Amino acid sequence: MKNFWRLWPLILVPAFLGPEVALDPFRANLPCQSAHLLGTDPLGRDAVQRLLLATCRSLAFASTVALGSLAGALALALGWHGSQEARSALRAVPILLFLIPLAALRGGFDWLPLACLLSLLLALQLEPPLRARLDPFRRSPAWRYGRLLGAGSLHQLRIWTPWALAESLALFPTAWIAALGREATLRLLGLGPGPRHDSLGLLLHEELPR
């Protein structure tokens, strides 16, 4: 996980700042050759370049959503305990049953609204396992030890934040895979981000009909 934090900026830079693959209609549908190892698509774009850019963009999107959902789940697990019934009811509904109707009404989700909505929905799903990891220690004497010695809220926050973050990051792979799968599913249904930006879901959407 430590290596991930070093590599993540290397994924984000080409994903959001890198240019799109240039169009060259005169080189459309070329077969595999030395200049184009996987050939070109109907618009003349090199398949290898598209695959690399789509991979970076999907990894960056999934990582951003995973971090956002873990932050929300951590806030819910450590914070307000009210409205548990409403949250349990929302968790009982699969995420795609929320996303597909909303995306259909909007005519598809762009990157930013999809990331925000998916982070919120995944945070609700991740709250129970995260709370299960945090609560046993929060009920122990060690959690109250600082307050008994007169430590303030800021001091408690500084001490326990690294531990809480480490516990939440154990769920990062689950959130990351879920975000990647939801984006690909919406792309396959034609309800994800538009075709202006490549992603692994868009490449699947183009290739599966074949």
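Our structure is the block above this text.
The structure displayed is predicted, hence computed values, not measured ones. (Residues numbered from 1 in each chain as written. Predicted model: local features only at pLDDT ≥ 70, side-chain atom pairs only at ≥ 80, totals over all residues. Heavy atoms only, no water.)

Peer 1: So what's going on with the overall build of the protein? Which residues, and what values?
Peer 2: Counting its regular elements, the protein contains nine helices and zero strands. Helices and strands appear in the protein in the N-to-C order α-α-α-α-α-α-α-α-α. Per-residue burial over the protein gives 37% buried out of 210 residues. Summarising the internal contacts of the protein: among those between residues at least 6 apart in sequence, 69% fall at separations of at least 24. Summing over all exposed atoms, the protein offers an accessible surface of approximately 12,100 Å²; the carbon and sulfur share of this is 70%. (Helix = DSSP H or I, 4+ residues; strand = E, 2+ residues; numbered from the N terminus. Buried < 20%, exposed > 50% of the residue type's maximum accessible area, 1.4 Å probe, protein only. Contact = heavy atoms within 4.5 Å. Areas by Shrake-Rupley, 256 points an atom, 1.4 Å probe, with all protein chains shown as cover.)

Peer 1: Explain the nonpolar core residue by residue, including any values.
Peer 2: Note on soluble globular proteins: their nonpolar side chains tend to be buried together. One finds Phe-61, Val-65, Leu-99, Leu-118 and Leu-122 to be the most contacted residues of the largest nonpolar core, which totals 17 residues. In this structure Phe-61 touches Trp-111, Leu-114, Ala-115, Leu-118, Ala-179 and Glu-183, once residues within four positions along its chain are discounted. One finds Ala-66, Leu-70, Ala-73 and Ala-175 within the second-largest nonpolar core, a separate group that totals 13 residues. (Core = buried A, V, L, I, M, F, W, Y, C linked by side-chain atoms within 4.5 Å.)

Peer 1: If you had to explain the pattern of salt bridges to someone new, which residues and values would you point to?
Peer 2: Here the idea is simple: oppositely charged side chains can pair when their charged atoms come close. This structure, assessed with the given rule, holds six salt bridges. Note that Arg-131 and Glu-127 form a salt bridge whose closest N and O atoms lie 2.5 Å from each other. Linking Arg-131 with Glu-127, this pair stays in helix 5 (residues 111-138), spanning four residues, or about one helical turn. An identical accessibility class is assigned to Arg-131 and Glu-127; each is buried. Linking Glu-183 and Arg-187 is a salt bridge whose minimum nitrogen-to-oxygen distance equals 3.2 Å. Remark: Arg-187 and Glu-183 occur in helix 8 (residues 172-188); sequence separation between them is four residues, near one turn of the helix. By relative accessible area, which is 3% here, Arg-187 ends up buried. A single network of salt bridges, built from pairs that share partners, joins Asp-41, Arg-45 and Arg-50. (Salt bridge = Lys/Arg side-chain N within 4 Å of Asp/Glu carboxyl O.)

Peer 1: Help me get a handle on the side chain of Arg-131, residues and values and all.
Peer 2: On the basis of relative accessibility, which here comes to 11%, the residue Arg-131 falls in the buried class. Reaching out from Arg-131, the side chain makes a polar contact with the side chain of Glu-127 at a distance of 2.5 Å. (Polar contact = N/O pair within 3.5 Å; in protein donor to acceptor, adjacent residues only side chain to side chain.)

Peer 1: Account for the packing of helix 4 (residues 95-106) against helix 8, with residues named and values stated.
Peer 2: At a minimum axis separation of 11 Å, helix 4 and helix 8 run at an interaxial angle of 35°. By crossing handedness, the relation of helix 4 to helix 8 is classed as right-handed. Counting all contacts with helix 4, which are made through Ile-95, Leu-96, Leu-99 and Ile-100, the residues of helix 8 involved are Arg-182, Thr-185 and Leu-186. Along the lines of polarity and charge, the residues of the contact of helix 4 with helix 8 split into five nonpolar, one polar and one charged. (Axes fitted to C-alpha atoms, helices over the stretch in contact; angles between N-to-C directions. Left-handed = near helix turned anticlockwise from the far one by under 90°. Nonpolar A, V, L, I, M, F, W, Y, C, P; charged D, E, K, R; others polar.)

Peer 1: Run through the packing of helix 3 (residues 84-91) against helix 5, naming residues and quoting values.
Peer 2: Close contact between helix 3 and helix 5 brings their axes to 8 Å; oriented N to C, the two are set at 115°. Pair helix 3 / helix 5 crosses with left-handed handedness. Contacts between helix 3 and helix 5 involve Gln-84, Arg-87, Leu-90 and Arg-91 from the first element and Leu-124, Gln-125, Glu-127, Pro-128 and Arg-131 from the second. Residue composition of the contact of helix 3 with helix 5, grouped by class: three nonpolar, two polar and four charged.

That is the geometry; function is a separate question.
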